[in-house]
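# Examination of the molecular architecture
Here is what each chain is made of, one letter per residue.
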Amino acid sequence: MQFRIVGHHQHQAIVEGVKFTCVRTATATDAGLSVRWAAYRNEVILKPDCRTLNEAKNVCRSAASIRASN
């Protein structure tokens, strides 16, 4: 699955008409800046709290492979 940058802190891949998106969010806390990634299939969130972009992409890849095997 090939992802491409489609917006500010947003990566996307389309597989068989299904859109998989990884979006970065940053939250300021007392301890500093917290950066997380969220993985989506179409507009439905798959996992809201990924530590890295690679983790979010792997969540999307896993969801795509499960969908393909069904």
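Everything in this summary refers to the structure shown in the same document. (Residues numbered from 1 in each chain as written. Predicted model: local features only at pLDDT ≥ 70, side-chain atom pairs only at ≥ 80, totals over all residues. Heavy atoms only, no water.)

## A closer look at the overall build of the protein
On a plain count of helices and strands, the protein comes out with one helix and five strands. Counting from the amino terminus, helix and strand elements in the protein follow one another as β-β-β-β-β-α. Each principal axis of the C-alpha distribution contributes one length, and for the protein these read about 45 × 20 × 20 Å. For the protein, long-range pairs separated by at least 24 residues make up 22% of all intrachain contacts whose partners lie at least 6 apart in sequence. Just so you have it, the protein exposes about 4700 Å², and 49% of that area is on carbon and sulfur atoms. When the 10 basic and 5 acidic side-chain charges of the protein are each reduced to a single mean position, those positions are 6 Å apart. (Helix = DSSP H or I, 4+ residues; strand = E, 2+ residues; numbered from the N terminus. Contact = heavy atoms within 4.5 Å. Areas by Shrake-Rupley, 256 points an atom, 1.4 Å probe, with all protein chains shown as cover. Lys, Arg positive; Asp, Glu negative; His and termini not counted. Charge placed at Lys NZ, Arg CZ, Asp CG, Glu CD.)

## Let's talk about the pairing of strand β4 (residues 32-41)
Alignment of strand β3 (residues 18-29) against β4, held across 10 bridges, turns out to be antiparallel. Its bridge partner being in β4, T21 is matched across the sheet by Y40. Linkage of β3 to β4, two consecutive antiparallel strands, is achieved through a turn of two residues. For β4 and strand β5 (residues 44-50), the ladder comprises four bridges, and the chain directions are antiparallel. When the sheet's bridge partners are listed, Y40 is paired in β5 with I45. (Pairing = 2+ DSSP bridges.)

## What about the side chain of H11?
Of note, H11 is situated in strand β2 (residues 10-15). A relative accessible area of 13% means that H11 is categorised as buried. Apart from the residues lying within four places of it in its own chain, the contact partners of H11 are F3, R4, I5, V6, F20, T21, C22, W37, L53 and K57. (Buried < 20%, exposed > 50% of the residue type's maximum accessible area, 1.4 Å probe, protein only.)

## Some thoughts on the pattern of salt bridges
The tally for this structure, following the rule as stated, stands at three salt bridges. The salt bridge partner of E43 is K19, with a shortest N-O separation of 3.4 Å. In this pair, E43 sits in the loop between β4 and β5 while K19 sits in strand β3, placing the two residues 24 residues apart along the sequence. Given the relative accessible area of 65%, E43 is considered exposed. You can call K19 partly exposed: its relative accessible area is 28%. Between D49 and R36 there is a salt bridge; the shortest N-O distance is 3.0 Å. Here D49 is found in strand β5, whereas its partner R36 is found in strand β4, with 13 residues between them in sequence. Here R36 falls in the partly exposed class, since its relative accessible area comes to 26%. (Salt bridge = Lys/Arg side-chain N within 4 Å of Asp/Glu carboxyl O.)

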